[in-house]
Number of protein chains: 2
Amino acid sequence: MLLNCMGLELSDAFLRVSKALSNKVTNPILEGIKISAEDNELTLSATDTDLSIEKKIKADVKVEGETVVPGKFITEFVKKLSNTDIELEVNEKNQLLIRYDGNESVIQCYNPVEYPGFRKLKTDEWFGISQKDLKTLISKTIFSVAMDDSRPILKGVLFDIDQKEISAVALDGYRLARVKKKSSANVKKQIVVPTRSLNEISKLLDDSDEVINVYIDSNAIMIDNIDTKIISRLLEGDFVNYKQIIPMNYETFVIVNKVQFEDALERVSLLSKVGQNNFVKFDIKENSLLLTSNSEIGNIKEKISAVLNGKDVTIAFNPRFILESLKASSDEFVKLCLNTASNPCVIVPTEGDEFLYLILPVRMFG
Amino acid sequence: MLLNCMGLELSDAFLRVSKALSNKVTNPILEGIKISAEDNELTLSATDTDLSIEKKIKADVKVEGETVVPGKFITEFVKKLSNTDIELEVNEKNQLLIRYDGNESVIQCYNPVEYPGFRKLKTDEWFGISQKDLKTLISKTIFSVAMDDSRPILKGVLFDIDQKEISAVALDGYRLARVKKKSSANVKKQIVVPTRSLNEISKLLDDSDEVINVYIDSNAIMIDNIDTKIISRLLEGDFVNYKQIIPMNYETFVIVNKVQFEDALERVSLLSKVGQNNFVKFDIKENSLLLTSNSEIGNIKEKISAVLNGKDVTIAFNPRFILESLKASSDEFVKLCLNTASNPCVIVPTEGDEFLYLILPVRMFG
């Protein structure tokens, strides 16, 4: 292999694919990044078998070839060469020679024959969605994914796909997030994508309306966006039947200004952190929402105006779950839907059903 | 106590003085911030007995008084009220009532009688220096302070003061940093200021030529800058006789471009991190400086041009110590002064003696 390329492009490509390197060292060769030169293109790829990332950059290829370079080292090293032209050569000892500014460094590589091939996915099932919308589906649900290992399937986001619409759903034992976006698909299917893969997919997306296709194989998905390809394994098992969790009817509806609600709740929650009782009490009556928290060092009360429709209710929540849901919404006003003090609160837009956040209440003592 | 003040000023003041709160809870009242209202000023103060910070803000004082508020909580709470006017009242139960936007929160306070008084310092010994220069003295030496506890006196920066000049000196077992600046003083003295206090003093300073006075008492210093007063305990004991450590003569002088040297050394040092030998070899000869590092995964060589004056030399260093010294210098070129492979390297400006960084070499095996 012998080629020339731009330092900045090479550095960017190594940084991107290095995200698929394994953090746990199980198979040493998976600590490597494979580089292949062919047809005036250099292809970089890395995988930890769950997540695989491949990126192509332009290169002036004089001799074709391939090798596997120590991944973390080469990423750090090339990052510090982004201003220069770089010549890469692989010699007969499978060493990578890196030449720049009259210097030459030598890195011993792994045998590329031992590197696992990038799996081929079937592409006959797919959904298409704008980059912006896919990014939103991820960012507005991912914070509700379960953190503990008790139910592995909940450590990913469910994509509930039909021909016209996708719902992204994440839930742990305390709350649920559901966001809907229009899409097109040639299939009706539920898939669960691991959090780590979604973080990398999200970085690949911009805020444009350009539609990209996501291909679905039996246990993996693939996104192929211009010069970067990401393949992620899917989580296996049955996801919770989330539709059953969402109440059908409510007795109380409250509309509040989102920023006002968020600011007040943040202040009130400071005291709930100090005290033993990690909750904030909500008193909903007479077109106002009164938030209170008590601890041994004092009490905070904040009253915000609200449009109330239905019965008065007094209920308590862990403020973190409410705050995280509010932060994910960009609407000026939100609607809280409630029943009794032991039923969940559901936060939705004042119009439409683009997002839904459900939070279980906390039982108050005394 | 009853007063009104601006949320932003109050928030800024709590944030500033909270830096003197103790991280270790030894005496509960030291977790508090004392607030005193008098003469249309609110004075906030906090101390962990080593470091004390006091700040005054304007307030519309209706009833004078004082109390001690839970420090971390009030700082966090007021930070979230920076857009509003705030009314503070202390009632007969020593509770602080915080009123804003029609809301009222209640915080139980500590008894201000139990709060240790802010010590009075003698102000007859002092030195004067521009804010900019004091900031530089701190920032360009503090990274060389010893991290381990074996010699507590080395966990601070020595200020070697005479009537016309101050040298700031920090050293651990591997390197030494010395920076000189012009100043005026009515005393000739050596004092050692703890790192934590210097970090807070540094935040108080801007990049102006305005001269501020530092007052020196037997075991503390005080800076009184407009509305903020900082008092720091001094470290006790004898500092190393640092002048003895700096060589009188050198056999080799090398002038290099600082940025070029830094970039090359950063790349070469990446491999020294991977390998067992955490050093980079310097070969100085024929008007060039060749940097090399070797490990089981390969070797990196970087040659940079240099102006050599004196004998050739081959020597090795822990690259981190050299890099930290280079980062602290803002000159275009630096001069390295050397003797043999077992003597320290000294980095100085090409002209003058504003800074001096001394780094001990590493012994190479084989």
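The structure reproduced in this document is the subject of the present report. (Residues numbered from 1 in each chain as written. Chains lettered and ligands numbered in written order. Predicted model: local features only at pLDDT ≥ 70, side-chain atom pairs only at ≥ 80, totals over all residues. Heavy atoms only, no water.)

**With respect to the overall build of chain A**
For step 1, the next point in the chain: Scanning chain A from N- to C-terminus turns up 7 helices and 27 strands.
For step 2, the next point in the chain: With the C-alpha coordinates of chain A rotated into their principal frame, the extents come out at 80 × 50 × 35 Å.
For step 3, the next point in the chain: For chain A, restricting intrachain contacts to residue pairs at least 6 apart in sequence, the fraction spanning at least 24 positions comes to 67%.
For step 4, the next point in the chain: For chain A, the accessible area works out to roughly 17000 Å², and carbon and sulfur atoms hold 47% of it. (Helix = DSSP H or I, 4+ residues; strand = E, 2+ residues; numbered from the N terminus. Contact = heavy atoms within 4.5 Å. Areas by Shrake-Rupley, 256 points an atom, 1.4 Å probe, with all protein chains shown as cover.)

**Here's the deal with the relation of the copies chain A and chain B**
For step 1, the next point in the chain: Mapping chain A onto chain B leaves a residual RMSD of 0.0 Å; the transformation is a rotation of 180° accompanied by 0.0 Å of translation along its axis. Both chain copies can therefore be described as sitting about a two-fold axis. In terms of C-alpha distance to the rotation axis, chain A has Asn23(A) as its closest residue, with the C-alpha 17 Å off the axis. (Least-squares fit on C-alpha atoms with pLDDT ≥ 70 in both.)

**With respect to the environment of Asp124(A)**
For step 1, the next point in the chain: Structurally, Asp124(A) is set in the loop between strand E9 (103-108) and strand E10 (126-130).
For step 2, the next point in the chain: Measuring from C-alpha to C-alpha, the distance between Asp124(A) and Phe14(A) comes to 30 Å, with 110 residues separating the pair along the chain.

**Looking at the pattern of salt bridges**
For step 1, the next point in the chain: Applying the stated criterion to the full structure yields 55 salt bridges over all chains.
For step 2, the next point in the chain: Here Arg99(A) makes a salt bridge to Glu89(A), at a shortest N to O gap of 2.7 Å. Residue Arg99(A) is found in strand E8 (residues 95-100), and its partner Glu89(A) is found in strand E7 (residues 85-90); the two are separated by 10 residues along the sequence.
For step 3, the next point in the chain: We classify Arg99(A) as partly exposed; its relative accessible area is 22%.
For step 4, the next point in the chain: For Glu89(A), a relative accessible area of 23% corresponds to the partly exposed category.
For step 5, the next point in the chain: A salt bridge links Asp48(B) to Arg196(B); the shortest N-O distance between them is 2.4 Å. A residue pair is termed long-range when its members are at least 10 positions apart, and Asp48(B) in the loop between strand E3 (41-47) and strand E4 (51-58) and Arg196(B) in helix H4 (residues 195-204) qualify at 148 residues. (Salt bridge = Lys/Arg side-chain N within 4 Å of Asp/Glu carboxyl O. Buried < 20%, exposed > 50% of the residue type's maximum accessible area, 1.4 Å probe, protein only.)

**Focus: the nonpolar core**
For step 1, the next point in the chain: Leu96(A), Phe159(A), Phe261(A), Leu42(B), Leu96(B), Phe159(B) and Phe261(B) are the most contacted members of the largest nonpolar core, which has 205 residues in total.
For step 2, the next point in the chain: With residues near it in sequence (within four places) discarded, Phe159(A) still touches Leu134(A), Leu137(A), Ile138(A), Ile166(A), Ser167(A), Ala168(A), Lys189(A), Gln190(A), Ile191(A), Val193(A) and Leu198(A). (Core = buried A, V, L, I, M, F, W, Y, C linked by side-chain atoms within 4.5 Å.)

**Points about the packing of helix H3 (residues 131-139) of chain A against helix H4 (residues 195-204) of chain A**
Residue and element names in this part refer to chain A.
For step 1, the next point in the chain: In contact at an axis separation of 10 Å, H3 and H4 are set at 150° when each is read in the N-to-C sense. On the basis of their axis angle, the class for H3 and H4 is roughly antiparallel. You can see that H3 and H4 cross each other, and the crossing is left-handed. Contact with H3, carried on its side by Gln 131, Leu 134, Lys 135 and Ile 138, involves Leu 198, Ile 201, Ser 202 and Leu 204 of H4 and no other residues of that element.
For step 2, the next point in the chain: For the contact of H3 with H4, the class distribution of residues is 5 nonpolar, 2 polar and 1 charged. (Axes fitted to C-alpha atoms, helices over the stretch in contact; angles between N-to-C directions. Parallel < 35°, antiparallel > 145°, perpendicular 65-115°, else oblique. Left-handed = near helix turned anticlockwise from the far one by under 90°. Nonpolar A, V, L, I, M, F, W, Y, C, P; charged D, E, K, R; others polar.)

**Here we look at the interface of chain A and chain B**
For step 1, the next point in the chain: Each side of the interface is counted separately: chain A has 26 residues, and chain B has 26 residues.
For step 2, the next point in the chain: Our count for the chain A to chain B interface comes out at 2 salt bridges.
For step 3, the next point in the chain: Ionic pairing is found between Lys80(B) and Glu266(A), a salt bridge with its closest N-O pair at 3.4 Å.
For step 4, the next point in the chain: For the pair chain A and chain B, the interface holds 14 residue pairs in polar contact (both at pLDDT 80 or more).
For step 5, the next point in the chain: Looking at the side of chain A that touches chain B residue by residue, the classes come out as 12 nonpolar, 5 polar and 9 charged. (Polar contact = N/O pair within 3.5 Å; in protein donor to acceptor, adjacent residues only side chain to side chain.)

**Digging into the sheet that holds strand E7 (residues 85-90) of chain B**
For step 1, the next point in the chain: A sheet is described by the order of its strands in space; here 9 strands give the open sequence E24(A)-E20(A)-E21(A)-E22(A)-E9(B)-E8(B)-E7(B)-E1(B)-E5(B), paired in antiparallel fashion. With one partner strand each, in any of the chains shown, strand E24 (313-317) of chain A together with strand E5 (60-63) of chain B form the two edges of the open sheet. Along the sheet, successive strands turn relative to each other by an average axial angle of 20°, direction set aside.
For step 2, the next point in the chain: Bridge analysis of strand E1 (residues 2-6) of chain B against E5(B) gives 3 bridges, and the strand direction is antiparallel. Each residue of the ladder has a partner; that of Leu3(B), found in E5(B), is Val61(B).
For step 3, the next point in the chain: Each of strand E22 (298-305) of chain A together with E7, strand E8 (95-100) and strand E9 (103-108) of chain B is contacted by helix H2 (residues 71-79) of chain B, which is oriented at about 10° to E8(B), the strand it contacts most. (Pairing = 2+ DSSP bridges.)

**Let's talk about helix H1 (residues 7-18) of chain A**
Residue and element names in this part refer to chain A.
For step 1, the next point in the chain: With 12 residues, H1 extends 16 Å between its outermost C-alpha atoms, agreeing within 8% with the 16 Å of an ideal straight helix rising 1.5 Å per residue.
For step 2, the next point in the chain: Those residues of H1 that sit buried are Gly 7, Leu 10, Ser 11, Ala 13, Phe 14, Val 17 and Ser 18. Projected onto a plane normal to the axis of H1, the buried residues spread over an arc of 165° and lie on a single side.
For step 3, the next point in the chain: Among the structural elements, strand E1 (2-6), strand E2 (32-38), strand E3 (41-47), strand E4 (51-58), helix H2 (71-79) and E7 are those in contact with the buried residues of H1. (Expected span 1.5 Å × (residues − 1). Arc of directions from axis to C-beta.)

**Considering the packing of aromatic side chains**
For step 1, the next point in the chain: If you walk through the whole model with that rule in mind, you get 16 aromatic pairs over all chains.
For step 2, the next point in the chain: A centroid spacing of 6.0 Å and a plane angle of 90° characterise the contact between Phe261(A) and Phe282(A), whose relative ring orientation is edge-to-face. Residue Phe261(A) is found in helix H6 (residues 258-274), and its partner Phe282(A) is found in strand E20 (residues 280-285); the two are separated by 21 residues along the sequence. When sorted by exposure, Phe261(A) lands in the same class as Phe282(A), which is buried.
For step 3, the next point in the chain: Taking 5.4 Å as the distance between ring centres and 15° as the angle between the ring planes, the aromatic pair formed by Tyr174(B) and Phe321(B) counts as stacked. Residue Tyr174(B) is found in the loop between strand E12 (165-171) and strand E13 (175-182), and its partner Phe321(B) is found in helix H7 (residues 319-328); the two are separated by 147 residues along the sequence.
For step 4, the next point in the chain: Phe321(B) gets classed as buried once you look at its relative accessible area, which sits at 6%. (Phe/Tyr/Trp six-rings, centres within 6.5 Å; stacked < 30°, edge-to-face > 60°.)

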